[in-house]
Amino acid sequence: MPKGLFAPGLFAIAIFYGGMCTFAGVLGNKQVALGPLAVEAGMFAFLTLVAMGGAIAEVYGKGTANKLVLWGFAPIFASILLSIFVLELPASPEMDPDRLNAIQTILGGTWRIWIAGPIAYGISQLLNVTVISAIREKFGGPIWLRAGIAGALSQAVDTVIFITVAFYGVFPIAPLMAGQMLAKVVLSLIAIPPLVSGLAALARKLDSRRRLRP
């Protein structure tokens, strides 16, 4: 790792990571159809978070990756508080009613969803870092294999926690949980390995360029 205030690769991924932490909540307002399954679109942002956490663990170690996950709570809680604040502000009378209803829907949420998101994020992301690091230390093997295993496991746990905390007792959660888990696990096995490999390679390339500077 380059010496100094930061490694360029770590800095670049960390900025992107913070953005995805907040953008996931926006995407989660839309339900998308993946074949017969209906899933919330925020999962695509969370898949990138899993990939970035795995890449940081591979290049900079478990400790650095865990710190990145913990720092991710800062933009998550800031976005929640700002959403509540803006939601309660009076709208301009010149604002189109349809647009006002749309933004109020996006900014609004229930206390259970606001609680479920950060809990599921923290546990699943720390699990992802722990699993990918443990496999590397104990068994080695190709990066894509441990990334796929860690990503699928963490996303399964994320689904169970989020849906249980957010919706248990509101309606039957088993069908929603089964569909979400299947979609997330399959996408994790397909998308996470190349994403982790590519991001790790990018981080190493950015760091090597700094080392080469006179």
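What counts, and where the lines are drawn
Residues numbered from 1 in each chain as written. Predicted model: local features only at pLDDT ≥ 70, side-chain atom pairs only at ≥ 80, totals over all residues. Heavy atoms only, no water. Helix = DSSP H or I, 4+ residues; strand = E, 2+ residues; numbered from the N terminus. Buried < 20%, exposed > 50% of the residue type's maximum accessible area, 1.4 Å probe, protein only. Contact = heavy atoms within 4.5 Å. Areas by Shrake-Rupley, 256 points an atom, 1.4 Å probe, with all protein chains shown as cover. Lys, Arg positive; Asp, Glu negative; His and termini not counted. Charge placed at Lys NZ, Arg CZ, Asp CG, Glu CD. UniProt positions renumbered as here; feature names shortened; annotations may be inferred. Phe/Tyr/Trp six-rings, centres within 6.5 Å; stacked < 30°, edge-to-face > 60°.

Asker: What am I meant to see in the overall build of the protein chain here?
Answerer: The helix and strand tally for the protein chain stands at 8 helices and 2 strands. Start at the N end of the protein chain and walk to the C end: the helices and strands fall as α-β-β-α-α-α-α-α-α-α. Along the first, second and third principal axes, the C-alpha atoms of the protein chain reach 60 × 40 × 25 Å. For the protein chain, with 214 residues in total, the buried portion stands at 40%. Taking as baseline every contact in the protein chain between residues at least 6 positions apart, the subset at least 24 positions apart corresponds to 76%. Just so you have it, the protein chain exposes about 11600 Å², and 72% of that area is on carbon and sulfur atoms. Treating the 16 positive side-chain charges of the protein chain as one cloud and the 9 negative ones as another, the clouds have centres 18 Å apart.

Asker: Would you take a moment to explain the UniProt feature "transmembrane region" (unreviewed entry) in the protein chain for this structure?
Answerer: The feature "transmembrane region" (unreviewed entry), as annotated in UniProt, sits at residues 34-56, 68-91, 111-135, 147-170 and 182-203 in this numbering. Spanning residues 68-91, this segment combines 83% helix with 0% strand, and its end C-alpha atoms are found 36 Å apart.

Asker: Hey, could you run me through the packing of aromatic side chains in this one?
Answerer: Each aromatic ring pair is specified by the distance between its two centres and by the angle formed by the two planes. Scanning the model with the defined rule gives 3 aromatic pairs in all. Both rings, one in F73 and one in F77, keep their centres 5.8 Å apart while their planes meet at 20 degrees; by these two values the pair is stacked. Highlighted residues: F73 and F77, both in helix α4 (residues 73-88), separated by 4 residues, approximately one helical turn. Consider the rings of F73 and Y121, whose centres lie 5.2 Å apart with planes at 85 degrees: the pair is edge-to-face. With a gap of 48 residues between them, F73 in helix α4 and Y121 in helix α6 (residues 111-138) connect regions that are remote in the sequence. In terms of burial, F73 and Y121 fall into one category: buried. Here the aromatic cluster, defined as three or more aromatic residues joined through ring pairs, consists of F73, F77 and Y121.

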